[in-house]
There are 2 protein chains.
Amino acid sequence: MNLESLNTPAALIDVVRMNHNIERMQQRMDALGVSFRPHVKTTKCQQVVRAQMDAGARGITVSTLKEAEQFFASGIHDIVYAVGMAPTKLPQALALRRQGCDLKIVADSVASAEAIVAFGREEGEPFEVWIEIDVDGHRSGIAPEDDTLLTVANTLVSGGMHLGGVLAHAGSSYDYDTHDELVRIAEQERSGCVRAAERLRAAGLQCDVVSIGSTPTALAARHLEGVTEVRAGVYVMFDLVMHNVGVNDTSEIALSVLTTVIGHQSEKGWAIVDAGWMAMSRDRGTERQKRDFGYGLVCLENGEVLGEYLMSGANQEHGIVSRFGTPDREIEQRFPIGTRLRILPNHACATGAQHPAYQAVSRDGSVEIWPRFYGW
Amino acid sequence: MNLESLNTPAALIDVVRMNHNIERMQQRMDALGVSFRPHVKTTKCQQVVRAQMDAGARGITVSTLKEAEQFFASGIHDIVYAVGMAPTKLPQALALRRQGCDLKIVADSVASAEAIVAFGREEGEPFEVWIEIDVDGHRSGIAPEDDTLLTVANTLVSGGMHLGGVLAHAGSSYDYDTHDELVRIAEQERSGCVRAAERLRAAGLQCDVVSIGSTPTALAARHLEGVTEVRAGVYVMFDLVMHNVGVNDTSEIALSVLTTVIGHQSEKGWAIVDAGWMAMSRDRGTERQKRDFGYGLVCLENGEVLGEYLMSGANQEHGIVSRFGTPDREIEQRFPIGTRLRILPNHACATGAQHPAYQAVSRDGSVEIWPRFYGW
């Protein structure tokens with residue numbers, strides 16, 4: 001199978017670029033002296049995660065228990081479920097642990113810790129729990145200096161659970177776009193999480209793991225003293241949001257959507273393509289960044305970035321391709337009906353999720369189907 | 001199975017509301033004297049489409065050939081693929097017709113018509129083609145008065161294809177929010193499409209079908225003289241975008257996402273839930289409308305709309321629930337960990353697409369799994 005034989009729209013992975021991205025991150029983690037635990041929510045794809053493990057990753061991060069189940073079934077044991085534990089999901093987590101999965105779960109409140117203790121005691125299961133630390137106010141977690149941190153830790157330990165460590169995610173790093181700002185937020189993520197671990201240890205509690213990470217902070221951090229492992233997800237594909245943040249060039253984006261031109265509105269400078277938001281996702285993550293790419297940046301079928309054209313609008317199965325700035329009234333001649341283009345996505349996690357499989361394009365142009373799963 | 005036994009997040013269909021919505025639209029079409037051809041892209045679900053057909057729909061509209069294949073396999077023959085035909089997809093369309101599917105395809109340019117003629121002649125297949133008419137400049141199609149209309153029609157007919165009719169979709173109707181504006185755009189859609197049919201007939205060409213539609217215009221049109229059929233999709237579920245357009249109350253929205261509270265940031269007035277954008281979609285369709293609902297409007301588990309709370313932010317598997325306006329610093333007491341809520345979506349087509357199945361909740365509270373498919 002090759003590119004020409006593919007139906008459109010299709011989600012392409014450029015395998016050369018993907019391997020380059022994996023290598024870049026792993027080398028950086030090795031240089032910083034920390035373990036690396038990729039977040040597999042980005043691709044939910046066995047072949048991609050296998051490449052990440054082969055390159056040196058130790059264990060994975062998941063965003064759903066379905067991901068844990070699927071990757072445990074494929075042979076990965078060391079898994080952290082990095083979303084605060086809903087009490088009703090404890091039986092599902094227990095089933096995984098009983099099957100031999102080294103699943104770690106997360107708590108960031110006394111109520112959550114109490115629910116884990118109550119269930120763990122009833123079932124005789126000492127769950128390994130990591131406490132989520134809030135280092136930037138962007139979502140969940142306990143602030144490093146908050147007294148709740150010790151209360152939660154003591155609730156877990158006195159309840160017979162295993163306090164495995166602390167984890168933080170500086171999600172606000174996506175809001176910056178200069179290297180200095182990224183260095184600053186990376187240090188804030190590191191120091192906040194390390195401080196939480198120190199407070200636990202000062203209180204006589206064990207805290208082996210100090211886990212931090214996001215793609216921008218992982219790539220910007222100057223040092224990671226006190227940190228034991230880093231998590232990152234989107235780096236494996238990169239995307240236009242990360243390009244605007246400043247951590248990758250467009251030529252490093254490994255995911256694109258192959259599409260076909262099906263019509264034109266020449267007076268408006270529009271080419272209509274058969275990839276709409278169903279193929280790209282509704283993610284408009286670049287809208288508030290320094291450059292708005294609409295629904296994506298247009299490349300030739302061979303992957304060459306055109307630079308001047310974007311997907312400026314999208315309906316469910318229709319995309320509108322047009323030029324940045326002034327309309328291209330010769331767009332019908334430039335991209336006649338049947339022309340195939342590739343669109344680089346705003347957000348690789350969201351775009352991938354729209355597709356049942358990736359089409360993995362190797363250096364020699366051959367294409368393999370790499371399935372991905374979805375749902376909960 | 002019942003609501004309490006469901007894992008979260010889950011996409012719920014309130015079957016009573018869905019049947020009410022189906023009945024409302026079908027009665028309206030009957031009163032206006034036109035056939036009704038629902039757009040199945042909204043749900044891609046056999047059980048929903050079966051209910052639409054049982055209520056009186058004649059045939060279906062699809063946005064992908066996969067939808068055509070799946071619904072043809074389930075016994076529906078009369079199908080229009082309402083996206084401009086990509087030449088490379090003609091073999092797939094041919095295969096469906098050879099199996100007995102009465103598949104209609106769409107063209108809106110000479111190049112597209114020529115490609116259909118070339119392929120149809122080579123294969124000895126007189127494709128039935130409908131010409132897409134542009135009634136509001138929002139996307140594809142040929143303007144009713146454009147000379148290209150006759151050129152495309154003559155290309156098809158002289159090439160041995162069957163010119164079945166004309167179709168239009170006033171997608172811009174989503175941009176309005178008063179009844180008078182909807183009445184006006186509905187009349188524009190009707191008159192433009194009828195005018196195109198009249199021009200074809202005046203040129204001695206046959207044009208049996210005059211097909212128009214969108215949920216807002218279908219519900220606003222005062223009369224449909226000259227129209228033979230109407231297409232609409234999202235009405236079967238309705239959503240917050242359509243609520244802002246003014247065609248449904250929030251109590252008529254049949255789709256919601258069931259979610260569980262997993263944490264809080266009380267000082268900010270946030271409850272964190274286990275439905276993020278993966279469960280809601282990234283669709284922010286209400287952002288530019290008269291009321292911005294964030295990622296959705298919050299209801300109690302039993303479906304009662306709370307009105308004051310919305311999903312104000314979303315990451316992949318985390319949602320932030322907060323109050324409109326001033327923060328609710330007692331949100332932890334109001335929605336403790338483990339509380340289950342329902343979130344009404346901005347856009348039912350986009351939210352449904354994130355889920356492998358709907359959980360259909362009947363009047364008696366029993367729940368059935370209704371699978372849906374995705375991909376191309």
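Residues numbered from 1 in each chain as written. Chains lettered and ligands numbered in written order. Predicted model: local features only at pLDDT ≥ 70, side-chain atom pairs only at ≥ 80, totals over all residues. Heavy atoms only, no water.

- Per an unreviewed UniProt entry, the recorded name for chain A is Alanine racemase, and the organism is Caballeronia arvi.
- Quoted verbatim from the Sequence similarities (unreviewed entry) field of UniProt, the annotation for chain A is "Belongs to the DSD1 family." (UniProt positions renumbered as here; feature names shortened; annotations may be inferred.)

1. Focus on the relation of the copies chain B and chain A
Part 1 of the argument: Relative to chain A, chain B is turned by 180° and slid 0.0 Å along the rotation axis, the superposed coordinates differing by an RMSD of 0.0 Å. Both chain copies can therefore be described as sitting about a two-fold axis. Of every C-alpha in chain B, the one belonging to R282 of chain B sits nearest the axis of rotation, 2.5 Å from it.
Part 2 of the argument: Looking at chain B, 100% of its interface residues are interface residues in chain A too, so the copies touch through the same face. (Least-squares fit on C-alpha atoms with pLDDT ≥ 70 in both. Contact = heavy atoms within 4.5 Å.)

2. With respect to the pairing of strand β14 (residues 319-323) of chain B
Residue and element names in this part refer to chain B.
Part 1 of the argument: Among the five residues of β14, four are classified as buried, and the element is accordingly described as predominantly covered.
Part 2 of the argument: Pairing of strand β13 (residues 305-314) with β14 involves five bridges; the strand directions are antiparallel. From the neighbouring strand, Y309 faces β14, where its bridge partner is R323.
Part 3 of the argument: The hairpin formed by β13 and β14 contains four residues between the paired strands. (Buried < 20%, exposed > 50% of the residue type's maximum accessible area, 1.4 Å probe, protein only. Helix = DSSP H or I, 4+ residues; strand = E, 2+ residues; numbered from the N terminus. Pairing = 2+ DSSP bridges.)

3. With respect to the domain arrangement of chain A
Residue and element names in this part refer to chain A.
Part 1 of the argument: For chain A, the assigned domains are domain 1 (33-236) and domain 2 (254-371).
Part 2 of the argument: Centre-to-centre, using C-alpha coordinates, domain 1 lies 35 Å away from domain 2.
Part 3 of the argument: Its largest share of buried area at the contact with domain 2, domain 1 owes to T42, Q47 and D177, together 45% of the area lost on that side.
Part 4 of the argument: The tally of links between domain 1 and domain 2 comes to zero salt bridges.
Part 5 of the argument: Summed over the shared surface of domain 1 and domain 2, the number is zero residue pairs in polar contact (both at pLDDT 80 or more).
Part 6 of the argument: Within the side of domain 1 that touches domain 2, the residues separate by chemical class into five nonpolar, four polar and three charged. (Domains from an automatic or database assignment. Buried area = accessible area lost by both parts, 1.4 Å probe. Salt bridge = Lys/Arg side-chain N within 4 Å of Asp/Glu carboxyl O. Polar contact = N/O pair within 3.5 Å; in protein donor to acceptor, adjacent residues only side chain to side chain. Nonpolar A, V, L, I, M, F, W, Y, C, P; charged D, E, K, R; others polar.)

4. Regarding the environment of S172 of chain B
Residue and element names in this part refer to chain B.
Part 1 of the argument: Examined against the element boundaries, S172 turns out to sit in the loop between β7 (162-168) and α7 (179-202).
Part 2 of the argument: The exposure class assigned to S172 is buried, which follows from its relative accessible area of 9%.
Part 3 of the argument: The spatial distance from the C-alpha of S172 to the C-alpha of H138 is 6.0 Å, given a sequence separation of 34 residues.
Part 4 of the argument: Discounting residues that sit within four places of it in the chain, S172 has contacts with D136, H138 and I185.
Part 5 of the argument: Reaching out from S172, the side chain makes a polar contact with the side chain of D136 at a distance of 2.5 Å.

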